[in-house]
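# Residue-level structure breakdown
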Amino acid sequence: MKKNVLVLPGDGIGQEVVEPAISVMDVAAKQEGCEIIVTQGLVGGVAIDETGSPLPAETLKLAKAADAVLLGGVGGPKWDDLPMASRPEKGLLGLRQGLGLFANLRPALLSAPLASASSLKPDLVADLDILIIRELTGGIYFGEPRGIETRDNERVGFNTMVYSEHEIERIARVGFELASKRNKRLCSVDKANVLEVSQLWREVVNSIAGDYPDVELSHMYVDNAAMQLVRAPKQFDVIVTTNMFGDILSDVAAMLTGSLGMLPSASLAASGVGLYEPVHGTAPDIAGKDIANPLATILSVGMMFRYSLDIPAAANNIDKAVAEVLAEGYRTADIAGPKDDVVGCRTMGELVIERL
Ligand code: NAD
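Residues numbered from 1 in each chain as written. Predicted model: local features only at pLDDT ≥ 70, side-chain atom pairs only at ≥ 80, totals over all residues. Heavy atoms only, no water.

To continue, consider the site of the ligand. The environment of the ligand is made up of 20 residues, and the closest members are V74, G281, A283, D285 and N293. The protein chains hide 67% of the 810 Å² of surface that the ligand would expose on its own. Across the shell around the ligand, the residue classes tally to eight nonpolar, eight polar and four charged. (Near = heavy atom within 4 Å. Areas by Shrake-Rupley, 256 points an atom, 1.4 Å probe, with all protein chains shown as cover. Nonpolar A, V, L, I, M, F, W, Y, C, P; charged D, E, K, R; others polar.)

This is the structure we're talking about:
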C-alpha cells in the first residue's frame with residue numbers, strides 16, 4: 001500500500017517539529033505494510049520569501065493531489081508588517097478554502113503523568129480524552145451581510161450568524177460518526193434559547209440522530225458548556241458545535257491540558273483529504289534552538305493515520321509510544337517540572353521512534 005503525503009513545514013519551529021514527525025510517520029507506516037511517499041512544499045512566510053505568495057499555486061495543486069497534508073506552522077515577526085492580504089496566515093486560510101476543510105477536530109488529551117501541568121486539579125483532568133468538532137467554513141465568521149456603517153449619526157458594526165441545513169447536517173454527521181467510534185456520546189452545543197440559527201441547528205441535529213441509534217445525543221447551551229468544561233471536563237466524549245462557539249471552547253479545552261506543545265489537530269473535507277497540524281504557532285522565541293516540543297505534530301500524524309490514511313493501528317501505535325515516553329519521565333522544556341529529564345526536539349522524536 002502506498003500513500004501520498006504533502007509536508008508543509010512552514011516557518012519558525014514548524015521546520016523543526018515536522019522533521020521528527022516525518023520519521024515517526026515513516027516508521028509507523030512501514031510497521032503496517034504501508035509506504036508513505038512524502039512531497040515537500042512551501043507555505044507561509046517561507047513561501048512569500050521564495051515565490052512572493054503565501055500559498056503558491058503549485059502548493060495547492062500538490063495538496064489536492066495528496067491523501068493528506070501535514071503542516072508545521074506559518075508566520076513570524078519577519079512578515080508582520082505585510083498588508084493583511086499577503087501575510088503568511090493567508091496561506092493557511094487559502095489551504096482550508098481550497099481543500100474545502102469544513103470540520104476541525106481538536107482532541108484534548110491529558111495523560112496522567114502530565115496532569116499537574118493543568119491549571120485544574122489533577123483528578124479533574126488526569127486521563128482526559130475529549131474531542132471538540134468545530135464547523136470551520138460557515139457561521140458568523142463568513143456570514144453576510146457584515147460591515148461597519150453609519151446609522152442615525154453613529155457607527156454600527158454587524159455580522160451575521162447563518163447556517164443552512166446542509167452545513168449543519170454534514171458537520172453533525174461527522175460528530176455522530178466519530179462518537180460512534182469512541183465512547184458513543186455526542187453533545188451538540190448551541191444557543192437555542194436565544195438564537196434562531198441555533199434552533200435550526202438543534203432541529204437538524206435531532207432529525208438525523210435516528211441514523212445513529214448507538215450514539216447518545218445531548219444538547220447544551222454554549223455558556224453552560226464553557227462552565228462544564230472547567231467544572232467537570234471528563235463528562236464529555238465528543239462535542240460538535242459552530243465555528244465561533246468551537247473557536248472559543250476548543251481553546252478552553254486546550255488549556256485544560258496545560259501545554260500547547262501537546263495538542264494535535266485535524267481539518268477534514270468531504271472528500272477525505274485532511275490537513276493535520278499542531279495547534280500551536282511558530283514560536284519565534286524558541287525557533288532554531290532544538291527545544292520545541294514535537295509531540296503535538298507527532299500526535300497530528302497519528303490523527304492522519306486514523307482519519308485520512310485509514311490505518312488506525314498506526315495511529316494507536318503512535319499514541320501508545322508517546323504515552324510510554326511521557327510515562328518514563330522524558331519531557332521537553334515546555335512540559336518539564338523541576339525534577340524531570342529535559343530533552344530536545346530531535347531527541348524526543350528519537351525516543352518516540354524507539355518505543356514504536
Ligand atoms: P505560539 O503558539 O507560536 O507560541 C506561544 C508560546 O508557546 C510561546 O512562548 C512558544 O514558545 C510556546 N510554544 C508554542 N509551541 C511550542 C512547542 N511546540 N514547544 C514548546 N513551546 C511552544 O503563538 P504566538 O507566539 O502567539 O504566535 C507566534 C507566531 O505563530 C505568529 O506569527 C502567529 O501568527 C503564528 N501562529 C501560527 C499558527 C498556525 O500556523 N496554525 C497558529 C498560531 C499562531
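Once you've had a look at it, read on.
Here we come to the nonpolar core. The biggest cluster of nonpolar side chains holds 87 residues, and the ones touching the most others in it are M25, L105, I133, F305 and I318. If sequence neighbours within four positions are ignored, F305 has contacts with M25, A28, A29, I36, D310, I311, P312, A314, A315 and I318. Within the second largest apolar cluster, 16 residues are counted, among which are L71, V74, L95 and L275. (Core = buried A, V, L, I, M, F, W, Y, C linked by side-chain atoms within 4.5 Å. Buried < 20%, exposed > 50% of the residue type's maximum accessible area, 1.4 Å probe, protein only. Contact = heavy atoms within 4.5 Å.)

Axes are the key here: two packed helices are described by the angle between their axes and the distance separating the axes. For the pair helix 6 (residues 165-181) and helix 7 (residues 196-209), the least separation of the axes is 9 Å and the interaxial angle reads 50°. Classified by the interaxial angle, the pair formed by helix 6 and helix 7 is oblique. The two elements helix 6 and helix 7 cross, and the hand of that crossing is right-handed. Here helix 6 contributes E165, I168, E169, I171, A172, R173 and F176 to the contact with helix 7, which in turn contributes L200, W201, V204, V205, I208 and A209. (Axes fitted to C-alpha atoms, helices over the stretch in contact; angles between N-to-C directions. Helix = DSSP H or I, 4+ residues; strand = E, 2+ residues; numbered from the N terminus. Parallel < 35°, antiparallel > 145°, perpendicular 65-115°, else oblique. Left-handed = near helix turned anticlockwise from the far one by under 90°.)

Along the chain, N293 turns up in the loop between strand 12 (274-278) and helix 10 (295-307). Residue class for N293 comes out buried when judged on its relative accessible area of 3%. Within the local environment of N293, its side chain forms a polar contact with the backbone nitrogen of L295, the two atoms lying 2.9 Å apart. When neighbours within four sequence positions are excluded, N293 is seen to be in contact with V17, G261, M262, H280, T332, D334 and I335. (Polar contact = N/O pair within 3.5 Å; in protein donor to acceptor, adjacent residues only side chain to side chain.)

Another point: the domain arrangement of the protein. Each assigned domain of the protein is listed with its residue range as follows: domain 1 (1-102 + 260-356) and domain 2 (119-256). Taken together, the six residues of domain 1 in the interface contact 10 residues of domain 2. With both sides pooled, the region where domain 1 packs onto domain 2 buries about 800 Å², and carbon together with sulfur makes up 75% of that total. Ranking the residues of domain 1 by area buried against domain 2 places F102, L263 and Y307 at the top, with a combined share of 62%. Run the count over domain 1 and domain 2 and you get zero salt bridges. Applying the counting rule to domain 1 against domain 2 returns one residue pair in polar contact (both at pLDDT 80 or more). (Domains from an automatic or database assignment. Buried area = accessible area lost by both parts, 1.4 Å probe. Salt bridge = Lys/Arg side-chain N within 4 Å of Asp/Glu carboxyl O.)

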